[in-house]
Amino acid sequence: MALGAPSLEFRYTELVPSEQEYVLNASVNLQLNHRLQEMVEAGVSLPFRAEFSLTRPRWYWLNETISERVLELKLSYHALTRQYRVSVGSLHRNFASFEEACRALQSVHNWSVVDRSRLQEGDNYIANLRFRLEVAALPKPFQVAALGSRDLDLDTGKISWAFVALSLRDSR
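Below or above, wherever it landed, is the structure these notes cover. Values in this document were obtained by computation on a predicted structure and should not be read as measured data. (Residues numbered from 1 in each chain as written. Predicted model: local features only at pLDDT ≥ 70, side-chain atom pairs only at ≥ 80, totals over all residues. Heavy atoms only, no water.)

1. Describing the overall build of the protein chain
Stage number 1. A count of helices and strands for the protein chain gives three helices and nine strands.
Stage number 2. Its helices and strands taken in sequence order, the protein chain reads β-β-α-β-β-β-β-α-β-β-α-β from the N to the C terminus.
Stage number 3. Taken along its principal axes, the extent of the C-alpha atoms in the protein chain is 50 × 35 × 25 Å.
Stage number 4. Across the 172 residues in the protein chain, those meeting the buried criterion constitute 42%.
Stage number 5. In the protein chain, the proportion of contacts linking residues at least 24 apart, taken out of those at least 6 apart, comes to 68%.
Stage number 6. Within the structure as shown, the protein chain displays about 9,700 Å² of accessible surface, and the carbon and sulfur contribution to it stands at 49%.
Stage number 7. Side chains of the protein chain give 20 positive and 20 negative charges; the mean places of these two sets differ by 3 Å. (Helix = DSSP H or I, 4+ residues; strand = E, 2+ residues; numbered from the N terminus. Buried < 20%, exposed > 50% of the residue type's maximum accessible area, 1.4 Å probe, protein only. Contact = heavy atoms within 4.5 Å. Areas by Shrake-Rupley, 256 points an atom, 1.4 Å probe, with all protein chains shown as cover. Lys, Arg positive; Asp, Glu negative; His and termini not counted. Charge placed at Lys NZ, Arg CZ, Asp CG, Glu CD.)

Structure representation (C-alpha cells):
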C-alpha cells in the first residue's frame, strides 16, 4: 500500500438477509499516509467510526428511522510487542505491519444492523452509511491540528442506496 495523500471512499456496500436480521458488508478504499503512521507509532490510537441508518420514505411526513447503528474501530500500536492492533468493539486482532492492519480496517463483515421483524416485506427503504476518522476522539492537540489538515480529513461522506426488504424465501 503506497503511503501518500490520505483518501477514503467505499468500494462496495451490501445488506444481506439472515434468519433474524439484516447484516451489512462493506469495504472502504483506505490509503493512509506517513503522518498517520507516525502518529500511531508514537502511541496515538486512531479511532474510526462506521455509522449506519435505515429509513422508510414517507410522502406525508419526514422519513421514518427504522434503525441506527454505530461501530467503533481503533488502530493502535504496541511498542513493546511491535504489533499493530485493530479493535472492533471489544474484539482485537494484532498485525505485524501497518499495511496489514490498514487492510483489516478496510472492511466490515456481518455487522448486524436491523432485525428482520422491523421491516415489512416488499417495502422500500433507504440505507445510509458513513465511515470516518473520528477526530473528536483524538487527543486535544491532534484535534486542533486536524482543523484544515488534509492528513486527518478521512471521511467517506454519507452514501445512500435504495433497498427493498425481501422475504426469507426470496433471499435464498
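Here the narrative resumes, following the displayed structure.
2. Thoughts on the pairing of strand 6 (residues 91–95)
Stage number 1. Taken together, the five bridges between strand 5 (residues 83–88) and strand 6 define a ladder with antiparallel strand orientation. Looking across to strand 6, one finds that Tyr 84 is bridged to Phe 95.
Stage number 2. Taken together, strand 5 and the strand that follows it, strand 6, pair antiparallel across an intervening segment of two residues, in which Gly 89 is found at a positive phi of about 65°. (Pairing = 2+ DSSP bridges.)

3. Focus: helix 1 (residues 34–41)
Stage number 1. Within the sequence span of helix 1, burial applies to Leu 36, Gln 37, Met 39 and Val 40. Projection of helix 1 onto a plane perpendicular to its axis shows the buried side chains occupying an angular sector of 160°, all on one side. (Arc of directions from axis to C-beta.)

4. Describing the pattern of salt bridges
Stage number 1. Going through the model one piece at a time under the given rule, you end up with eight salt bridges.
Stage number 2. Put simply, Glu 51 and Arg 49 hold a salt bridge, and the shortest N to O gap is 2.8 Å. Of the two residues, Glu 51 and Arg 49, neither departs from the other in class, the shared state being buried.
Stage number 3. Note that Arg 56 is salt-bridged to Glu 64, the shortest N-O span being 2.9 Å.
Stage number 4. Assessed through its relative accessible area of 17%, Arg 56 is described here as buried.
Stage number 5. For Glu 64, a relative accessible area of 27% gives the class partly exposed.
Stage number 6. Connected through shared salt-bridge partners, Arg 49, Glu 51, Glu 72, Arg 130, Arg 132, Glu 134 and Asp 155 make up one network. (Salt bridge = Lys/Arg side-chain N within 4 Å of Asp/Glu carboxyl O.)

5. A short note on the packing of aromatic side chains
Stage number 1. Applying the stated criterion across every chain yields a total of six aromatic pairs.
Stage number 2. A centroid spacing of 5.0 Å and a plane angle of 90° characterise the contact between Tyr 22 and Phe 163, whose relative ring orientation is edge-to-face. Pair noted here: Tyr 22 is in strand 2 (residues 21–31) and Phe 163 is in strand 9 (residues 159–164), with a separation of 141 residues, a long-range link.
Stage number 3. Seen from their ring centres, Trp 59 and Tyr 60 are 5.6 Å apart, and the 80° between their planes marks the pair as edge-to-face. In this pair, the class of Trp 59 matches that of Tyr 60, namely exposed. (Phe/Tyr/Trp six-rings, centres within 6.5 Å; stacked < 30°, edge-to-face > 60°.)

6. A look at the sheet that holds strand 9
Stage number 1. Strands sit in the order 6-5-4-3-8-9 across an open sheet of six strands; the sheet is antiparallel. In the strand order of this sheet, the two ends are held by strand 6 and strand 9, each with one partner. Direction aside, the axes of adjacent strands within the sheet are offset by 20° on average.
Stage number 2. Summarising the sheet, strand 4 (residues 64–78) and strand 5 pair through six bridges and their orientation is antiparallel. Counterpart to Leu 73 in the pairing with strand 5 is Val 88. (Axes fitted to C-alpha atoms, helices over the stretch in contact; angles between N-to-C directions.)

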